[in-house]
Number of protein chains: 2
Amino acid sequence: MEQIPILKMGDCLLVTIQVDMHDRLAMTLQDDLTSRIAETRARGVVIDISSLEVVDSFIGRILANIAAMARVLDAETVVVGMRPAVAITLVELGLSLPGVRTALNVERGMDLIRRDAHPEAAGPAESSSGRSQG
Amino acid sequence: MEQIPILKMGDCLLVTIQVDMHDRLAMTLQDDLTSRIAETRARGVVIDISSLEVVDSFIGRILANIAAMARVLDAETVVVGMRPAVAITLVELGLSLPGVRTALNVERGMDLIRRDAHPEAAGPAESSSGRSQG
């Protein structure tokens, strides 16, 4: 089962990282994801990392690479579900996840992508959203 | 990382099974899922099994148990993403996944749950859906 499934949800692709990443798996994920973006014309990629107890520089580079590749294909990448402890460690280590946007959870991440793709109509995922946008 | 993440998406909970199931992991998943259903008042559970190359009687029983538990908590369970080869094997083995509904992919599974929860307003996931409902 050395393949991370990519789920299509409307305009977005959703990836849940549950297993330990290694080089080959990361390469497979990048290949699969770029193919699926091209195939499905997705506007965004949401990567859930709520299972990860550690985000080191290797994982950080993978996420940044995926975001850069997706951007070339005109898709936005949002990393969601980061644990509070992981956020603390990231900042303490000075890792900044360049070019990667983050959101609290999948719903907010998708909302972010939907809002970027269709700025005139904010998504209905959160009933109280969009007020600060005026 | 011996825990399968459960993602909340609107009224649904989404579980992607990527790792080999064993007894303890299945128990943890059942515990987590029932707690999350109670906590989030979810109307449905979507379980993606597109990573699974084999669905044997053990996995079948886990899925049936989860569906039964969710039903007691008033949530519908839909298993999605089954590979064609898995479907063939299931039928050949005579396994019928009792009490478990299936759908082709996550979008259709969520649509199914949304339609059950709000029968008057079909979900917008598929533009051509709802015509056969009249």
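Preceding this paragraph is the structure being described.
Quick summary incoming for the structure in this document. Since the model is a prediction, treat every value here as computed from it, not as a measurement. (Residues numbered from 1 in each chain as written. Chains lettered and ligands numbered in written order. Predicted model: local features only at pLDDT ≥ 70, side-chain atom pairs only at ≥ 80, totals over all residues. Heavy atoms only, no water.)

### A closer look at the overall build of chain A
In terms of helices and strands, chain A carries four helices and five strands. Within the span of chain A, comprising 134 residues, buried residues form 44% of the whole. In chain A, 67% of the contacts between residues at least 6 apart in sequence involve partners at least 24 apart. For chain A, the computed accessible surface area is about 7,000 Å², with 51% contributed by carbon and sulfur atoms. (Helix = DSSP H or I, 4+ residues; strand = E, 2+ residues; numbered from the N terminus. Buried < 20%, exposed > 50% of the residue type's maximum accessible area, 1.4 Å probe, protein only. Contact = heavy atoms within 4.5 Å. Areas by Shrake-Rupley, 256 points an atom, 1.4 Å probe, with all protein chains shown as cover.)

### Some thoughts on the interface of chain A and chain B
Taken together, the contact between chain A and chain B spans 20 residues of the former and 20 residues of the latter. Taken together, the links from chain A to chain B amount to two salt bridges. Residue Glu107 of chain A pairs with Lys8 of chain B through a salt bridge whose shortest N-O separation is 3.6 Å. The tally of links from chain A across to chain B stands at four residue pairs in polar contact (both at pLDDT 80 or more). Listed by contribution, the elements that provide at least two residues to the side of chain A that touches chain B are strand S1 (6–9), strand S2 (12–16) and helix H4 (106–117) of chain A. (Salt bridge = Lys/Arg side-chain N within 4 Å of Asp/Glu carboxyl O. Polar contact = N/O pair within 3.5 Å; in protein donor to acceptor, adjacent residues only side chain to side chain.)

### Brief notes about the environment of Met110 of chain B
Among the secondary structure elements, Met110 of chain B is positioned in helix H4 (residues 106–117). When its relative accessible area of 3% is taken as the criterion, Met110 of chain B is described as buried. Measuring from C-alpha to C-alpha, the distance between Met110 of chain B and Ile49 of chain B comes to 15 Å, with 61 residues separating the pair along the chain. With near-sequence residues (within four places) excluded, Met110 of chain B lies in contact with Met9 of chain A together with Met9, Cys12, Leu14 and Val46 of chain B.

### A short note on the pattern of salt bridges
Residues and elements named next belong to chain A. Counted according to the given criterion, the structure contains 16 salt bridges over all chains. Between Arg114 and Asp111 there is a salt bridge; the shortest N-O distance is 3.8 Å. Note that Arg114 and Asp111 are positioned in helix H4 at a spacing of three residues, about one turn of the helix. Relative accessible area serves as the criterion here: at 28%, Arg114 is assigned to the partly exposed category. Among the charged side chains, a salt-bridge network with shared partners connects Glu76, Arg101 and Asp116.

### Digging into the relation of the copies chain A and chain B
At an RMSD of 0.0 Å, chain A and chain B line up after a rotation of 180 degrees and a shift of 0.0 Å along the axis. The relationship between the two copies is best expressed as a two-fold rotation axis. An overlap of 100% is found between the interface residues of chain A and their copies at the interface of chain B, pointing to a shared contact surface. (Least-squares fit on C-alpha atoms with pLDDT ≥ 70 in both.)

### Notes on the nonpolar core
Among the nonpolar cores identified, the biggest contains 60 residues, and Met21 and Ile47 of chain A together with Met21 and Ile47 of chain B are the most heavily contacted of them. Core analysis: the second largest hydrophobic core is formed by 24 residues, Cys12 and Leu14 of chain A together with Leu14 and Ala103 of chain B among them. (Core = buried A, V, L, I, M, F, W, Y, C linked by side-chain atoms within 4.5 Å.)

### Notes on the sheet that holds strand S1 (residues 6–9) of chain B
All names here are of chain B. Spatial strand order, S1-S2-S3-S4-S5: five strands in an open sheet with mixed pairing. The sheet is open, and its two edges are formed by S1 and strand S5 (101–103), each paired on a single side. For this sheet, the mean angle separating the axes of adjacent strands, direction not counted, is 30 degrees. Note: strand S4 (residues 76–80) against S5, three bridges, orientation parallel. By the bridge assignment for S5, Val78 is matched with Arg101. (Pairing = 2+ DSSP bridges. Axes fitted to C-alpha atoms, helices over the stretch in contact; angles between N-to-C directions.)

### Let's talk about helix H2 (residues 57–72) of chain A
The periodicity of an α-helix, 3.6 residues per turn, causes residues three or four positions apart to be oriented the same way. All names here are of chain A. In this model, H2 (16 residues) spans 22 Å end to end at C-alpha, consistent with the 22 Å of a helix rising 1.5 Å per residue. Buried residues of H2: Ile59, Gly60, Ile62, Leu63, Ala64, Ile66, Ala67 and Ala70, and no others. Among the structural elements, helix H1 (23–40), strand S3 (44–48) and strand S4 (76–80) are those in contact with the buried residues of H2. Just downstream of H2, Asp74 is the residue with a positive phi angle, here 65 degrees. (Expected span 1.5 Å × (residues − 1).)

### A short note on the sheet that holds S4 of chain A
Pairing between sheet strands relies on hydrogen bonds along the backbone, with the strands arranged either parallel or antiparallel. Residue and element names in this part refer to chain A. Strands sit in the order S1-S2-S3-S4-S5 across an open sheet of five strands; the sheet is mixed. Edge positions in the sheet fall to S1 and strand S5 (101–103), since each has one partner strand and no second. Each strand axis lies, on average, 30 degrees off the axis of its neighbour in the sheet, ignoring direction. Of the pairings in the sheet, the one linking S1 to S2 comprises four bridges and is antiparallel in character. Bridged to Lys8 within S2 is Leu13.

Geometric values such as these leave the question of function open.
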